[in-house]
Structures are given as C-alpha cells and as structure tokens.
Amino acid sequence: MRWQRTAAILLRQFYLLRGSPARILPLFAWVGIDIVLWGFLSRYLNAITAARINFVPALLGAVLLWDFFIRIMQGVTTAFLEDVWSRNFLNFFATPLTVNEYVSGLVLSSILTSLVGLAAMLLLATSVFGLSFFIYGATAVPFLFVLFLSGIALGVFATGLVLWQGPAAEWFIWPMPALISPFAAVFYPRATLPPWMQAVSSILPQSYVFENLRAIVAGHAPSAAALLVAIVLAFAYILLAAWFFTGIFRRAVRTGLIARYSAETLN
Amino acid sequence: MVLSVRDLRKRYRSVAAVDGVSFEVRRGEIVGLLGPNGAGKTTTINMILGILEPSGGTIAIDGIDLAKYRSRALERTNFAAVYAQLPGNLTVEENLRIFGLIYGAKHLSARIQQVLTQFDLDRLRHAKCGVLSSGEQTRVSLAKAMLNDPQLLLLDEPTASLDPATARDIREQIRAFASAGSTGILWTSHNMYEVQEVCDRALFLSHGKILLEGNPKTLPAEHGLESLEDLFIAVAREPLALERS
C-alpha cells in the first residue's frame, strides 16, 4: 500500500470542496438544523415536565452523536459518488491504485469532512443550548470510537451496493441511517422495543453506544462488557463491509462493469 | 519487450470477445491495433489496463505479470482514450497532480509544467476540464498519459476528436516520445492514413482474433490491395477470405 496514492484520493476531495459552496454547506448545514430543532425541543421538554430531568444531554447529545455517525457514513459515500458522477472509475482503476488505497482515501476524506460537521454541531450545542460534553466524561470516548467505526462500515457497505447495482442505486444510500435508527435506540432504551426489535438492536454496535451514554448521563458507570461487545461488532462490520466491497469490485472487474459503469448492467 | 500478451481470451457466456490473442510490443515501437467495431480492440486494451479480468492467457508489462503484480505492472503504463476524459469538475493542473501522485511521477511539479508546455496547455492550467473543447480535453488526456514517462503507453483513438493540424502535431509528439525513450506504444485508430504514418507494425483484429500482422506500409500490397483502408474494409467484410489467404 502506497500512501501517496491514498493522498491523491484525499487531495481530489480537497480540490472538489475548495471553492464549492454546494459541497461545503452540507458538511454542517443539515446537522446544524438538527441541533437547533432538537435543542429547542429539549428546552421545551425541560420546561413542561415536572420531573427534574435535563433533556439537553439526553436528547440533544444523542442527536449530535447520531448526526456524527451519519456524517461519517455519508463522508465515505459522498466521496465515492463524486467518482460515480464524474465517470471517473475507468481513469482511477486503470492505474496502479489498489482498492485498499482507494477506500482508505475515502475514509480519510470522511474523517476530515465529519470533523467539520462535528465542530459546527459542538459549537451550536454548547453555545446556544448549553450542552457540555464534559458531562459524558472520558469514559464516553471509546463509545464515540465505536460510532466512528460503525459509520465507516456502513459507508463502505453502501458504496459497495452502488458499485454493484449501478449509479441509480445512489437512492439506497440516503435512507440507510433512518432505517437503522429505530433499532439503534438513539432516543429510548432498548427495553422499550418489542422482543424481535431488541434482537436486531443487540447486533447493532450503535445501540450499545446510546444505551451507555444514557447511563452516563443518569450518573451510572458505563458497562465495560457492553463496550467490548460494541467494539467487536463494529470491527466485524468493518471487515464484512470491506469483504463485500472487495467482492463487488472483483466482480465488476471480471464482468467489465468498471469500464462501462454508466450502463449499470452488462445485460 | 514492454508488453507481452500470450493466448489472451475473454468470454462473455458463449461469446468470445477476445479469442487467443498473442502479440508483443517492443521498446520504441508503435503498434497499431486495428479492426472493425466490436472486433475486440477495446476489450484487449481494457484487459491490459487491468480493468477487465481475462478468461485465459497472460499479460506481462515490462516483464511483470499483470495478474500477480497488478500495481507494479500498471505503474509502468499510462493511457489515453477518447471515452475516458478526466473529471470535468477539476482544473487541468489539479487533474494532472492527482494522477501524477497515483502513478508516482517523479519531480511532479516540474513534470506537470513540462507536459503543460509540451501539449500547449499552459494557458488552460487553471481551467476546469469540463469547459474545454474536445480537442483540448484530448490534449489534457495525452498530457496525463505522459506524466510518468510510461514504459507502455496505450492510446485508444487518441486523435479522434482533433482537427487535422492538431492531430498531426500530436502524432509527431507521440512519435518523438516513442523514438526518444524506452516507451512502447499500443495505438488503436480508425484513421488508416494515421496508422500508416505512425505505426511500425499493425495488427488486424476481427472477431476477437488477430487476422493479419505486418508493416502497415507494405501490408496492403502483400494482400493484393491498394491501400490500408481497402485492407481494413476487407477485414471487416470478408475476414474468412483473408484468414484463408
């Protein structure tokens, strides 16, 4: 693996972002709107509920972290879609560039663009709604890492899906986080779900993150066992997603789809 | 030998797109790969570029087996094709820098300046590729193809969208590039005049097989025909007769 080639993929994303408001704005605009919306809702719930529960860290914190997960995932997929939109596969894959180097470039690009979104969310949530991340403490950091890994895994899986099904499958990407969210227990405990949904939830690393972040907000210690399960699951999904993408790529090279990607299928 | 292709095959279910093709490209040599539409030229080039897996046979670039050492082999190549324009949403210089990094071009900034000057692209260096004329885009693709001083250069109809004057300049530049260094070039074209002017050797492909091979200047007479264009038409219309001869 040559990092120079991965740097080239990253540089391409930088060039695309530079001087393109249409690409820069989505990095923080939608997550910013989410923070504002849920920030006011949290304040309202604080005002009308008799119990002395602070909804800001519970709800707004959850939204912020869920949006961070989505941004990581979409950071990977959007960088990939840039090559779909500009019909660049032939140019890239007829070079010494390997699949690992290419995907690493997408992931690095996602990390950097997601940090922009995270910074914007933190700025809004702390300055306007008084959300302090110190409330979660250092014990929350490994759980953030799990969210990061899960976002990468879903992003790589989604890119594999588009590579497999053709450019029109871009549509599949956008609702993916929404499909997962009911099972991820972002806003409510897993125990709220019916048994079959709890079973699905238990294989999603995100659900362990939100369960434990709620525990931390409630003043309890997070579960080390839950963290371990979440990390193992997140790494397993990364490996599965990498296996899926590599398999789809090899199939595309075998069938010739890479060279004629805009045709979607070779039938 | 910069390219050695042995018994190359590509089958799509029952259809043989390329059927046991073998040929070589030597250093400093320009080889024309000719044939009617659907003959298997682009399929062959795609397999040499590593974006299409052969059903059988071997490809070695500069002695390196492409199937086993894809990256190492492709570091020694580059290509320009009329159907593979560089991303239109980046400038000429940005595209050259990205592909220069990917190909591991040495002294990249200086090399970018050299190819910009060589292909008269200096004034367009900050222009987005998408706003360039098709001729200018072709020149950018060729500039990209020269960035890493490849041992093997694959050119799929490189002058298809150029006016005659520019096409002649480009042909001369590519000819000089092949003569000056150790680069071998595999060139496809439907312009038979161009093939006679540029290529040292021509391979006629029909139905996935090499039907004829030889010097494009003498090949027509060897088959009792007046011009290379007549030979091309004969290959396209009566391949079996030529195969028997």
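Data block above holds the structure.
This report concerns the structure included in the present document. (Residues numbered from 1 in each chain as written. Chains lettered and ligands numbered in written order. Predicted model: local features only at pLDDT ≥ 70, side-chain atom pairs only at ≥ 80, totals over all residues.)

What follows deals with the overall build of chain A. Along its length, chain A carries 11 helices and 0 strands. The secondary structure elements of chain A, listed N-terminal to C-terminal, are α-α-α-α-α-α-α-α-α-α-α. Taking 2.2 N^0.38 as the reference for a compact globule, 267 residues should give roughly 18 Å; the C-alpha atoms of chain A span a radius of gyration of 20 Å, in line with that estimate. Dimensions of chain A along its principal axes, counting C-alpha atoms only, are 65 × 45 × 35 Å. For chain A, the residues scored as buried account for 46% of the 267 residues in total. In chain A, once contacts between residues fewer than 6 apart in sequence are set aside, the share between residues at least 24 apart is 77%. (Helix = DSSP H or I, 4+ residues; strand = E, 2+ residues; numbered from the N terminus. Rg over C-alpha atoms; globule rule 2.2 N^0.38 Å. Buried ≥ 20, exposed ≤ 12 C-beta atoms within 10 Å, placed from the backbone. Contact = placed C-beta atoms within 7 Å.)

Looking now at the sheet that holds strand 9 (residues 201-206) of chain B. Residues and elements named next belong to chain B. The strand order across the open sheet built from 6 strands is 6-7-8-3-9-10, with neighbouring strands paired in mixed fashion. Strands at the two margins of the open sheet, each flanked by one partner only, are strand 6 (77-81) and strand 10 (209-214). The mean angle between the axes of side-by-side strands here comes to 20°, regardless of whether they run parallel or antiparallel. In this sheet, strand 8 (residues 184-188) lies alongside strand 3 (residues 30-34) in parallel orientation, the contact comprising 4 bridges. Bridge pairing links G32 to W187 in strand 8. The strands touched by helix 1 (residues 41-48) within the sheet are strand 3, strand 7 (152-156), strand 8 and strand 9, with strand 7 carrying the most contacts at an inclination of about 150°. Strand contacts of helix 5 (residues 134-146): strand 6 and strand 7, with the helix running at about 175° to strand 6, the strand carrying the most contacts. (Pairing = 2+ DSSP bridges. Axes fitted to C-alpha atoms, helices over the stretch in contact; angles between N-to-C directions.)

This part is about the packing of helix 3 (residues 55-85) of chain A against helix 10 (residues 205-217) of chain A. For any two helices packed against each other, one specifies the inter-axial angle together with the distance between the axes. All names here are of chain A. Viewed as axis vectors pointing N to C, helix 3 and helix 10 meet at an angle of 150°, and their least axial separation amounts to 10 Å. Classified by the angle between their axes, helix 3 and helix 10 sit roughly antiparallel to one another. As helix 3 packs across helix 10, the resulting crossing turns out to be right-handed. Only Q206, F210, L213, R214 and V217 of helix 10 make contact with helix 3, whose side of the interface consists of P57, A58, G61, A62, L65 and F69. For the contact of helix 3 with helix 10, the per-class residue count stands at 8 nonpolar, 2 polar and 1 charged. (Parallel < 35°, antiparallel > 145°, perpendicular 65-115°, else oblique. Left-handed = near helix turned anticlockwise from the far one by under 90°. Nonpolar A, V, L, I, M, F, W, Y, C, P; charged D, E, K, R; others polar.)

Turning to helix 1 (residues 3-17) of chain A, a few remarks are in order. Its 15 residues give helix 1 of chain A an end-to-end C-alpha distance of 21 Å, which sits within 8% of 21 Å, the value for a rise of 1.5 Å per residue. Along helix 1 of chain A, the residues that are buried comprise R5(A), T6(A), A8(A), I9(A), L10(A), R12(A), Q13(A) and L16(A). In the core, the buried residues of helix 1 of chain A are packed alongside helix 2 (21-48), helix 3 and helix 5 (99-129) of chain A together with helix 3 (92-103) of chain B. Just downstream of helix 1 of chain A lies G19(A), where phi reads positive at about 75°. (Expected span 1.5 Å × (residues − 1).)

Residues and elements named next belong to chain A. The end-to-end C-alpha separation of helix 2 is 40 Å, in line with the 40 Å expected for 28 residues at 1.5 Å each. Of all the bends in helix 2, the largest measures some 30° and sits at L27. Taken together, the buried positions of helix 2 are L27, F28, V31, I35, W38, G39 and S42. (Bend = angle between axes of the 7 residues up to and from the residue.)

In this section: unusual backbone geometry. Residue and element names in this part refer to chain B. Its identity as a non-glycine residue notwithstanding, D7 has a phi of 50°, on the positive side. Position of D7 among the secondary structure elements: in strand 1 (residues 3-12). In this structure D7 comes out as exposed when scored by C-beta crowding, with 12 C-beta atoms within 10 Å. The backbone of D62 shows a phi angle near 55°, a positive value even though the residue is not glycine. Examined against the element boundaries, D62 turns out to sit in the loop between strand 4 (56-61) and strand 5 (64-65). Among the residues examined, D62 registers 19 C-beta atoms within 10 Å and is labelled partly exposed.

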